[in-house]
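Descriptive structure summary
Residue-level listing of the chains:
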Amino acid sequence: MTRRSVIVEADGGSRGNPGPSAYGALLKDAHTGEVIAERAETIGVATNNVAEYRGLVAGLELAAEHAPEAEVEVRMDSRLVVEQMSGNWKIKHPSMRPLADQARSLTPPGTRFTWVPRAENAHADRLANEALDGLRDATATTGSPLPSGETGPKRGWGPDFGKPTTLVLVRHGVTAHTVGKLFSGGLASSNPPLNDTGREQARATGEWLAPLAGKFDALVSSPVRRTRETAEILAQFLDLEIEEEPGIAEMEFGTWDGMTFTEVHEKHPDELSAWLGDLESAPHGGESFRAVEKRVLEGRDRIVSSYAGQTVVAISHVTPIKTLVADALGAPLEAVYRMELAPASVTVISYFKGGPDGDLPMANLRLYNARPTEIFG
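Given the structure is predicted, the values throughout are model-derived calculations rather than measurements. (Residues numbered from 1 in each chain as written. Predicted model: local features only at pLDDT ≥ 70, side-chain atom pairs only at ≥ 80, totals over all residues. Heavy atoms only, no water.)

If you add up the space inside the second largest pocket, you get close to 910 Å³. Along the wall of the second largest pocket there are 26 residues; nearest its centre are Arg171, Leu182, Phe183, Val318 and Lys322. Those elements that provide at least two residues to the lining of the second largest pocket are helix 5 (176-179), helix 9 (269-277) and helix 11 (318-329). Partitioning the lining of the second largest pocket into residue classes produces 13 nonpolar, six polar and seven charged. (1 Å grid on protein atoms, 1.4 Å probe; cavity = no way out; pocket = protein on both sides within 12 Å on 5 of 7 lines; lining within 4 Å. Points joined across faces, edges and corners; volume = space filled by probe spheres on them. Helix = DSSP H or I, 4+ residues; strand = E, 2+ residues; numbered from the N terminus. Nonpolar A, V, L, I, M, F, W, Y, C, P; charged D, E, K, R; others polar.)

What follows is the structure in structure tokens.
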């Protein structure tokens, strides 16, 4: 018996790059050309590449839902996505890696990725543009687009979810501990200050954000010294008072604080091995990743509740920010091990009311690990 074959066509676009973005995806029978399902959705502010990857993910989801046993060919006019998913090009940009990992997890064995000219990807391109123009919600349809006035199951968020609460997450600048690659925790730690480079990094990020100052409603900082000092520098550019949220402080490393990884390995080998292999394990006197996750998400919820519908600049640390990114993507907490986050970098996540669990916010990762190029290259 001949195995069924399907074709995924996907595209995404950004008006501004980054700017308002959307994707379009469809699933077709490879032999008849009949459209089995379509999906299109706005995704907030993003780049073209992010939108294209989101389109790929949506198309692979359609294949899994409607033709789980079929052979799959993916056709896209994005040379970048096709070559990266084919394993020919490396994924260099950190914001692409979680999306590529998500796409790989949905890709059936034997899937072919084919580059096609833009003219041959017009259907997916049209879907993305219709979403951007407000002509369709996120839909999964069978056979043909939904009749006017009807919508399929929501796969994300749309205008009916109201104005999002957006967190512009900034990691603090470097300290002597950062440079020395020392474990450096939160309030219970040695609490080092920014060094000269860290202050320069914070100023560069402040100057970079300054043209958008009028769009920011609040400035919230972890109470740890290095985040507070970073916030004080940014406050000069953004003309905002600083408020503190202890929930977004760095993980506590207990007896490891101020030590290098090698020193911890030599003095606490069993403890380190347990910590690396178990998200529930913690250094003596410190916190586990699970404990940090709970604390950070509770802090996030307080900020989102206090500043509903507003844009908040939040100064935090590497572990809390990566935890928020993993949560936003619906990735397991283990994903924090696979992210890099530079000092004084900017990550943006928007939260919409009305998630699948009712009052819990839905998240949209809009930007990850962005930095002023004149300072960071």
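On to the sheet that holds strand 9 (residues 311-316). Taken in spatial order, the six strands of this open sheet run 8-7-9-6-10-11, and their pairing is mixed. With partners counted over all chains shown, the strands left at the sheet margins are strand 8 (242-244) and strand 11 (362-370), one partner each. Mean inter-strand twist for the sheet, computed between neighbouring axes without regard to direction, equals 25°. Pairing between strand 7 (residues 218-221) and strand 8: three bridges, direction parallel. Paired with valine 220 across the two strands is glutamate 243, which belongs to strand 8. Of the strands in this sheet, strand 6 (165-171), strand 7, strand 9 and strand 10 (346-352) touch helix 10 (residues 289-306), which is tilted by about 130° from strand 6. (Pairing = 2+ DSSP bridges. Axes fitted to C-alpha atoms, helices over the stretch in contact; angles between N-to-C directions. Contact = heavy atoms within 4.5 Å.)

Once that is clear, we can look at the sheet that holds strand 5 (residues 112-115). Sheet architecture is open: five strands sit in the order 3-2-1-4-5, paired in mixed fashion. The sheet is open, and its two borders are formed by strand 3 (35-46) and strand 5, each paired with just one other strand. Averaged over all pairs of adjacent strands, the angle between their axes in this sheet comes to 20°, without regard to strand direction. In this sheet, strand 4 (residues 71-76) lies alongside strand 1 (residues 5-14) in parallel orientation, the contact comprising five bridges. Residue valine 8 lies in a different strand from strand 4, and its bridge partner there is valine 74. Packed onto the sheet, helix 1 (residues 48-66) meets strand 1, strand 2 (19-29), strand 3, strand 4 and strand 5 and runs at close to 30° relative to strand 2. Taken strand by strand, helix 4 (residues 122-132) contacts strand 1, strand 2 and strand 3, and its axis lies near 140° from that of strand 2.

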